[in-house]
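One letter stands for each residue in the lines below.
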Amino acid sequence: MAHIVVIGASTGGLPFAYDIKKTLGKNHEVTVISNNPNFNFIPSNPWVAVGWRSENDISFELEPKLKRKKINLIVGEATQIKPNENQVMVGDQTVDYDYLVLATGPKLAFNEVEGLGPDGHSVSICTTAHAELAHQKWEDFCENGGGPIVVGAVQGASCFGPAYEFATIMETDLRKRGIRDKCPITFVTPEPYIGHLGLGGVGDSKGLLEAECRHRHIKWHINSKVASVQADKVVIDECDDNGESVKSVEIPSAYTMLLPAFKGVDTVANLADVDSGFVNPRGFVFVNEYHQSPVKNNIFSLGVNIAIPPVEATPVMCGTPKTGYMIESMVTAVVHNIEDMINGKEPSNIPTWNAVCIADMGDTGAAFVAMPQIPPRNVTWAKKGKMMHLAKIAFEKFFIRNMKTGNTEPAYQKYIFKMLGIERLKKE
């Protein structure tokens, strides 16, 4: 009997746990280690931050759902990984494994910019707990009559979609409250152009998102580094094509949300102390095409914590996002690669890294399809419309239901995506 341990129970770790248990059956043991007793649907955090959702709407308790599937749950922080002993430490508890899957998500590097983050002068939508705090400050901001807003991402950030979502969702909510005219909005980003998204653009994402910002009277600063976030302003350096600062700009702000850069969580980053081949200098996990560690072949990684280089050189550093369907393809590949190894075979499954993204914009939305996500691509497509707003709402309900039931890819979903040519694994 093999024991498979996964660290993390979010949009990568939880589907993996369900799928590996279903694939391997009762003769093998699966254990989830999570520092949160609940599953939170992170893509809904922008809605939580303006009060359109509550934490209860997008969360559920993990233990009863996993218990029903005969999957073990350990709630606690994985404090140390001992790859040479095949062990994970959770406080004083030792967890032995045959296969380890790292699905930890990122460490939020707020400390890299002065004044950034919930402990400084900005709010965050990176976690549901942060989004709840952002909502409290949002209500205070609106009750006090509003004021200037700065939203966007700092240098080194890799997940730009939620920044665009939150900017447009805030703008929609302000119009509903009748105070939009009192709240100038400025979008700040390290991207070389609006709609770059860390991906060199997707279809006409540049034209689509620039037009949306113009329509909503959202000003923007590109090629920008955030120097500091202060109580009443954000100080940025506008940069030239060489990434050199050409002008310092102070932007007044009474409400600030800037996405931070990501790093690998400390427990994973500390694998560098065992062997430098485990992680890169930012603490992200090196993997081969099968999502297997090049150092220990019984360690796999998926989700935001894997090391992917930027898709292209940009004047100001922009990371590469790891999006939803891209992560789902990683999950499927790792499940079948571990199955291969248990059956005495070499790993053979390679994820497609296709991206299917739906972004809400408050009263409209946009969908992006990139196959694969990293260019050059076979398919690139972007579309905006009211239907995409409704699709994001439907997807939220659909995904949470799948996570509650443990059915991560219903047959009809697989069939529809296959008809569209969107698959999780590369064909031989």
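It should be noted that the structure appears before, not after, this text.
Visitor: Would you mind going over the pattern of salt bridges with me for this structure?
Guide: In a structure, side chains of opposite charge can pair up when their charged atoms sit close to one another. According to the stated counting rule, one finds 20 salt bridges in the structure shown. A salt bridge links Lys-107 to Asp-266, with the shortest nitrogen-to-oxygen separation between them at 3.0 Å. Of the two residues, Lys-107 sits in strand β10 (residues 106-108) while Asp-266 sits in helix α7 (residues 266-269), which places them 159 residues apart along the sequence.

Visitor: Help me understand empty space enclosed by the protein in this model?
Guide: Unfilled space is identified by rolling a water-sized probe across the atoms. One pass over the structure, following the stated rule, counts one cavity of 30 Å³ or more. Put simply, the largest cavity is a space of about 30 Å³. Every element with two or more residues in the lining of the largest cavity is listed here: α5 (161-177) and α6 (205-215). Of the residues belonging to the lining of the largest cavity, the class tally is six nonpolar, one polar and one charged.

Visitor: Can you walk me through helix α8 (residues 324-342) in this structure?
Guide: Within an α-helix, residues lying three or four positions from one another point in the same direction, as the helix has 3.6 residues per turn. Between its terminal C-alpha atoms α8 stretches 27 Å, which fits the 27 Å expected from 19 residues at 1.5 Å a residue. Taken across its 19 residues, α8 has 15 buried, putting it largely inside the fold. Positive backbone phi, approximately 80°, marks Gly-344, located one or two places after α8.

Visitor: What is the right way to look at the packing of helix α1 (residues 13-24) against α8 in this model?
Guide: When two helices pack together, you describe them by how their axes are tilted relative to each other and by the distance separating the axes. Close contact between α1 and α8 brings their axes to 9 Å; oriented N to C, the two are set at 35°. Crossing of α1 against α8: the hand is right-handed. Residues Pro-15, Phe-16, Asp-19, Ile-20, Thr-23 and Leu-24 of α1 form the contact with α8, whose own contacting residues are Val-331, Val-334, Val-335, Ile-338, Glu-339 and Ile-342. Within the contact of α1 with α8, the residues separate by chemical class into nine nonpolar, one polar and two charged.

Visitor: So what exactly am I meant to see when it comes to the environment of Ile-393 here?
Guide: With respect to the element layout, Ile-393 can be found in helix α9 (residues 386-405). Linking Ile-393 and Ile-358, residues 35 residues apart in sequence, is a C-alpha distance of 9.7 Å. With near-sequence residues (within four places) excluded, Ile-393 lies in contact with Trp-47 and Arg-53.

Analysis parameters
Each chain has its residues counted from 1, following the order in which its sequence is written. Note on the predicted model: pLDDT of at least 70 is required for a residue's local features to be given, and 80 or more for side-chain atom pairs to be given and counted; whole-chain, interface and lining totals, by contrast, use all residues. Working from all heavy atoms in the structure, the side-chain values ignore hydrogens and water. Salt bridges are defined as contacts in which a side-chain nitrogen from Lys or Arg sits within 4 Å of a carboxyl oxygen from Asp or Glu. Helix and strand assignments come from DSSP, with helices taken as H or I runs of at least 4 residues and strands as E runs of at least 2, each series counted from the N terminus. The definitions used throughout rest on a 1 Å grid laid over the protein atoms alone, on which a cavity is an enclosed set of points accommodating a 1.4 Å probe that cannot get out and a pocket is an open set flanked by protein within 12 Å on both sides along at least five of seven lines; lining residues are those having an atom within 4 Å of a point. Grid points are joined across faces, edges and corners, and a volume is the space filled by probe spheres set on the points. Throughout this entry, Asp, Glu, Lys and Arg are counted as charged residues, while Ala, Val, Leu, Ile, Met, Phe, Trp, Tyr, Cys and Pro are counted as nonpolar. The remaining residues, Gly among them, count as polar. Helix span is expected to be 1.5 Å times the residue number reduced by one. Each residue is placed in one exposure class: buried if its accessible area under a 1.4 Å probe, protein chains only, is under 20% of its type's maximum, exposed if it is over 50%, and partly exposed if it falls in between. In this description, a line fitted to the C-alpha atoms serves as the axis of each element, helices being fitted only across the stretch in contact, and the angle between N-to-C directions of two axes falls anywhere from 0 to 180 degrees. Throughout, a crossing is termed right-handed when the near helix is turned clockwise from the far one, and left-handed when it is turned anticlockwise from it by less than a right angle. Residues are treated as being in contact if the distance between any of their heavy atoms lies within 4.5 Å.

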